[in-house]
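# A closer look at the structure
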Amino acid sequence: QVQLVESGGALEQPGGSLRLSCAASGFTLENYSLGWFRQAPGKEREGVSCLSPGIDRTYYVDSVKGRFAISRNSAENTVYLQMNSLRPEDTAVYYCAATVVNLWGDSCTVRALYDYWGQGTQVTVSS
């Protein structure tokens, strides 16, 4: 059974931090390209950050660059998204995704390239 389960979403104040987790089962994350996506009300699901297999190349969309960090713990078979300096516009449901395709650069933000998706976790940034 292939499964991705996100957790860590919460209500946070602007300027605060959250760490999202995505635990995988049924496959080894180390061999997959990994992406974090988010969807705000009334908007399309957009790519936020990606991690390529092997050498762990990372990509960040401009709106989160310098604030978010994607990482993988192979022993735990889990991918993380550290979110710092949160802004109200970061409010969205966040999803993790995985694909066997080796992606890099902005190609890793293309939703159609991903095979496996989690159910999402809600992040709300508000004072």
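Preceding this section is the structure that the text describes.
A few points on the structure. (Residues numbered from 1 in each chain as written. Predicted model: local features only at pLDDT ≥ 70, side-chain atom pairs only at ≥ 80, totals over all residues. Heavy atoms only, no water.)

### Concerning the state of the cysteines
- One pass over the full model with this rule turns up two disulfides.
- Two residues share a disulfide in this structure: Cys50 and Cys108, whose sulfurs sit 2.1 Å from each other. Taking the sign of the S-S torsion, about 85° here, the bridge from Cys50 to Cys108 comes out right-handed. Placement of the pair is Cys50 in strand β5 (residues 46-51) and Cys108 in the loop between β9 (92-99) and β10 (116-117), with a sequence separation of 58 residues. Residue Cys50 shares its accessibility class with Cys108, and that shared class is buried.
- The cystine pairing of the protein chain, numbering bonded cysteines in sequence order, is 1-3, 2-4. (Disulfide = S-S within 2.5 Å. Helix = DSSP H or I, 4+ residues; strand = E, 2+ residues; numbered from the N terminus. Buried < 20%, exposed > 50% of the residue type's maximum accessible area, 1.4 Å probe, protein only.)

### Digging into the sheet that holds strand β1 (residues 3-7)
- Overall, antiparallel pairing links the four strands, which are arranged β1-β3-β8-β7 in an open sheet. Every other strand in the sheet has two partners, leaving β1 and β7 (68-73) as the edge strands with one partner each. Within the sheet, the average angular offset between the axes of one strand and its neighbour, ignoring direction, is 15°.
- Note: β7 against strand β8 (residues 78-83), six bridges, orientation antiparallel. Paired with Arg72 across the two strands is Val79, which belongs to β8. (Pairing = 2+ DSSP bridges. Axes fitted to C-alpha atoms, helices over the stretch in contact; angles between N-to-C directions.)

### Some remarks on the packing of aromatic side chains
- Applying the stated criterion to the full structure yields six aromatic pairs.
- Taking 5.2 Å as the distance between ring centres and 85° as the angle between the ring planes, the aromatic pair formed by Phe37 and Tyr114 counts as edge-to-face. Of the two residues, Phe37 is situated in strand β4 (residues 33-39) and Tyr114 in the loop between β9 and β10; the sequence distance between them amounts to 77 residues.
- On the accessibility criterion, Phe37 (0% relative accessible area) is buried.
- Directly above the aromatic system of Tyr95 lies the positively charged group of Arg45, at a separation of 3.7 Å from the ring centroid. (Phe/Tyr/Trp six-rings, centres within 6.5 Å; stacked < 30°, edge-to-face > 60°. Lys NZ or Arg CZ within 6 Å of the ring centre and 35° of its normal.)

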